[in-house]
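# Close look at the chain arrangement
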Amino acid sequence: MINILIAEATKLRRSLVLLVAATPPVMVFALGVLVVASGNAPESWTMHTMAGSAVWAFFLLPMSVIGITALIAQLEHGPGTWSHTLALPAPRWQVFLAKALVSLGLMVIVSVTVAAAGYASAMLGLQLGEEAVMEGAFDPSLAFELYGKMFIAGLLVMAIQWTMAMRFRSFAAPVSVGIGGTFVAVAATSADKGLYFPWLMPVNVLASDGSRGELAIMMGGIGGVIVFALAIVWLSRRDWG
Amino acid sequence: MTDTVLSLQGVTLRYGKLTALDAIDLAIPAGAIYGFLGPNGAGKTTAIRCAMGLLTPQAGRVLIDGHDLSRNRRKALASVGAVIETPALFPNLTGRENLDITRRMLGAAPGLIDRALELVDMRDAADRRVGQYSLGMKQRMGLARALLAEPRLLILDEPTNGLDPAGIRDMRALIRALPERTGATIFMSSHMLSEVEQLASHVSLLQQGCVIFDGTLDALSHQQAPRLLVTATPAENAHKVIMETGFSSIIRDKDRFILTDPETITAERAAALNAALHVAGCQVSSLTLDRADLETTFMTLTGHAEAQP
């Protein structure tokens, strides 16, 4: 399994996947610098961390998931290497599990770098903005908690996008579903039943009602693991003609 | 280890009402270069996909090196290396990195990479990105990847497809040398008859999902019926005379006619046709009675000869 995992990770070398993974931290960094540097009212570190995580949960997380899962799948769909990969005498479920783990691993790295970019952006903003002031102190545990919970709550979206990306040769299907889901989530943020909408689960981590966040983490996390498991079984058993 | 490396027994695959493979039986003997011939759409790649476990037939079974593919997929596929359709490689990686991915998935030793590169003469280009390779180089690298597992059976799906004449020549030379250099049996699909004729010792003809011939090239050539080669002008007039003389299976290329109906090709009928053509005012520049080459036999067997009412 370790060899298959290394093989799957090797496929990312010099690929667009890494460029896509680097985009969200850069965006959060740019946004943070602009906000902090141009602010004429003092901003608190807590609010800055929350604001960065909100941008992540609403837009950048689902967009990153779309990009990373679609591009990882396209590494096989594009050159048509499925026939080769799946005709090797390796357990197919391990191949798909390795692909899922590589996708999730990249999302973990992106989450961490986005959180770090939020901190770095404020530090640079303070240097650039003549009147920029940040109140309080940066709390790494708050950032770790927020981004960690969002990752778990986002597992269901990741599983859905990953499954579609692996299944369909064209990236149009997963991309259109992902963009649609993201826009519905933005429009229905405060809807009562939005609690059950996968794309809203990472957002609900920020809800003032704590139970809403806990439910989102539970549904997103458990649902994600179940969908990933079912998808791996299904993909490894289906024909690849 | 068995003497039959690959065996397809009654393999049937349907897509809805379309029967892509109709109870095909194949037995690939060890040590052979086996040509799998058929026109485009005959089902060659589908059969190969079934043999590699990428498609599950509704009936029949596939045995590789004695292992039933449906019951023991990993053991069965451990004896096989394959290049299916295009040599699909990761263009963002170097040739060596591509091979290393497969090596890791096979759990094979790192030293096998250099051996495989040596076999296909690609060591010098191994550290270049595959995206910069020519099609011929990709074919070679695909072959190197298939050889990594030190397979008993090498499956090549249209290995010279898209190559220029020099590339085709080189690839054929490489394929011809492989059984001796690696000990692998080669199962090679192609729609190019000349290719199979030059390389293969055994051949199987597939037509619309059915095997219509399976055996050695010698057996095929002995099965070939005599044919009559006629060159006559004016061509339209000659064509009419040929039909009126009772020949029912005619392949025509401008003023050249190949008559292939085994029932009607005799020395007496040839003489009668010659006389009839002269009487009709046709100039006969050649009229030869011989046995058909593989191409004509293939055209006849696959129903591509111009049948006349």
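Reading guide: rules and limits
- Residues numbered from 1 in each chain as written.
- Chains lettered and ligands numbered in written order.
- Predicted model: local features only at pLDDT ≥ 70, side-chain atom pairs only at ≥ 80, totals over all residues.
- Heavy atoms only, no water.
- Helix = DSSP H or I, 4+ residues; strand = E, 2+ residues; numbered from the N terminus.
- Buried < 20%, exposed > 50% of the residue type's maximum accessible area, 1.4 Å probe, protein only.
- Areas by Shrake-Rupley, 256 points an atom, 1.4 Å probe, with all protein chains shown as cover.
- Core = buried A, V, L, I, M, F, W, Y, C linked by side-chain atoms within 4.5 Å.
- Contact = heavy atoms within 4.5 Å.
- Salt bridge = Lys/Arg side-chain N within 4 Å of Asp/Glu carboxyl O.

Further remarks concern the overall build of chain B. When you go through chain B residue by residue, the secondary structure sums to 11 helices and 15 strands. Its C-alpha atoms put chain B at 75 × 45 × 35 Å along the principal axes. Burial statistics for chain B: of 309 residues in total, 53% are counted as buried. Only carbon and sulfur atoms are counted for the fraction: they give 49% of the accessible area of chain B, which is about 13,300 Å².

Of all hydrophobic cores here, the largest spans 98 residues; its most connected members are W56(A), W162(A), L6(B), M52(B) and F187(B). Looking at this core, the element that brings in the most residues is helix 5 (residues 92–128) of chain A, giving 12 residues. Apart from the residues lying within four places of it in its own chain, the contact partners of L6(B) are L26(B), A27(B), I28(B), A51(B), V62(B), L63(B), I64(B), L153(B) and F187(B). In terms of nonpolar packing, the next biggest core, distinct from the first, is built from 44 residues, L99(B), I113(B), M122(B) and L154(B) among them.

Residues and elements named next belong to chain B. Each neighbour pair has its own omega, and for T233 with P234 the value is -10°, a cis peptide bond. By the secondary structure assignment, P234 is in the loop between strand 11 (226–233) and helix 9 (235–244). The backbone of E158 sits at a positive phi, close to 50°, despite the residue not being glycine. Tracing the sequence through the fold places E158 in the loop between strand 7 (153–157) and helix 6 (165–182). Here the phi dihedral of K254 falls at roughly 55°; this positive angle occurs in a residue that is not glycine. By the element assignment, K254 lies in the loop between strand 12 (249–253) and strand 13 (256–259).

Now for the pattern of salt bridges. Residues and elements named next belong to chain B. What the rule picks out here adds up to 19 salt bridges over all chains. D100 serves as the salt-bridge partner of R103, at 2.9 Å between the closest nitrogen and oxygen. In this pair, R103 and D100 both sit in helix 3 (residues 95–106), 3 residues apart, roughly one turn of the helix. Where E118 meets R123, a salt bridge forms, and the shortest distance between an N and an O atom there is 2.9 Å. Under the relative-accessibility criterion, E118 is labelled partly exposed at 43%. Since its relative accessible area comes to 41%, R123 is described here as partly exposed.

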